Amino acid sequence: QVQLVESGGGFVQPGGSLRLSCAASGSIRSINAMGWYRRTPGKQRELVAVIRSDGITNYGDSVKGRFTISRDNAKNTVDLQKSSLEPEDTAVYYCRAVLVARTSWAPSEYWGQGTQVTVSS
């Protein structure tokens, strides 16, 4: 069984920084990509950032230049360093992984439970 566990959410003032971490555990054969998505009330879930196993990254337009995604392939973890936070960044942030479990040879997507980030003065 595969599990994604997020950590690092919380409350921060505008202009501040916050770091989210996500660890994938369980019976994993390989991980293709890991990333972060977020959802705010009344809006669809949107891409924040994703990183492939070869290190190629992709960012949502609203976070480019402010957020940085990084990954440790040996530990199956992905981090999201967030700076210059704005109230509009308030959301539930979800970790997502596209990986191949040891019980399969085909990739599947997995999601974490989500972590709340609130940016407010």
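Since we're looking at a predicted model, the values are computed, not measured. (Residues numbered from 1 in each chain as written. Predicted model: local features only at pLDDT ≥ 70, side-chain atom pairs only at ≥ 80, totals over all residues. Heavy atoms only, no water.)

Some remarks on the state of the cysteines
Next up, step 1: Throughout the structure, instances matching the rule amount to one disulfide.
Next up, step 2: With its sulfur 2.1 Å from that of its partner, Cys 22 forms a disulfide with Cys 95. Residues Cys 22 and Cys 95 are joined through a disulfide that is left-handed, its torsion about the S-S bond being -80 degrees. Taken together, the positions of Cys 22 in strand S3 (residues 18-26) and Cys 95 in strand S9 (residues 91-101) put the pair 73 residues apart, joining distant regions of the chain.
Next up, step 3: The class for Cys 22 is buried, based on a relative accessible area of 1%.
Next up, step 4: In this structure Cys 95 comes out as buried when scored by relative accessible area, which is 0%. (Disulfide = S-S within 2.5 Å. Helix = DSSP H or I, 4+ residues; strand = E, 2+ residues; numbered from the N terminus. Buried < 20%, exposed > 50% of the residue type's maximum accessible area, 1.4 Å probe, protein only.)

Brief notes about the pairing of strand S10 (residues 108-111)
Next up, step 1: By the bridge criterion, four bridges tie S9 to S10 in an arrangement that is antiparallel. Residue pairing for S10: Ala 97 is matched across the bridge by Tyr 110.
Next up, step 2: Here S9 folds back onto S10, and the loop between the two strands holds six residues. (Pairing = 2+ DSSP bridges.)

Focus on the sheet that holds S3
Next up, step 1: If you trace the four strands from one edge of the open sheet to the other, you get S1-S3-S8-S7, paired in antiparallel fashion. This sheet does not close on itself; its edge strands, each paired only once, are strand S1 (2-7) and strand S7 (67-72). Averaged over all adjacent pairs, the angle separating strand axes in this sheet is 15 degrees, with direction ignored.
Next up, step 2: Where S1 meets S3, six bridges bridge the pair, whose relative direction is antiparallel. For Ser 7, the partnering residue across the bridge sits in S3 and is Ser 21. (Axes fitted to C-alpha atoms, helices over the stretch in contact; angles between N-to-C directions.)

Observations concerning the nonpolar core
Across soluble globular proteins, you tend to see nonpolar side chains buried next to one another.
Next up, step 1: Counting residues in hydrophobic clusters, the biggest one holds 29 residues, and the most contacted among them are Met 34, Trp 36, Val 48, Ile 69, Val 78, Leu 80 and Tyr 93.
Next up, step 2: Every element with two or more residues in this core is listed here: S1, S3, strand S4 (28-39), strand S5 (46-52), S7, strand S8 (77-82), S9 and strand S11 (115-119).
Next up, step 3: In terms of residue count, S9 provides more of this core than any other element does, six residues in total. (Core = buried A, V, L, I, M, F, W, Y, C linked by side-chain atoms within 4.5 Å.)

Examining the pattern of salt bridges
Next up, step 1: Across all of its chains, the model carries seven salt bridges by this definition.
Next up, step 2: A salt bridge links Glu 46 to Arg 38; its shortest N-O distance comes to 2.6 Å.
Next up, step 3: Each of the salt bridges in this network shares a partner with another, and the network as a whole consists of Arg 38, Glu 46, Arg 66 and Asp 89. (Salt bridge = Lys/Arg side-chain N within 4 Å of Asp/Glu carboxyl O.)

Let's talk about unusual backbone geometry
Next up, step 1: Phi angles above zero are rare outside glycine, and Asn 76 is one such case at about 60 degrees.
Next up, step 2: Positionally, Asn 76 belongs in the loop between S7 and S8.
Next up, step 3: Its relative accessible area of 23% is what places Asn 76 among the partly exposed residues.
Next up, step 4: Residue Ser 84 is not a glycine yet carries a positive backbone phi of 50 degrees.
Next up, step 5: Residue position: Ser 84 is located in the loop between S8 and S9.

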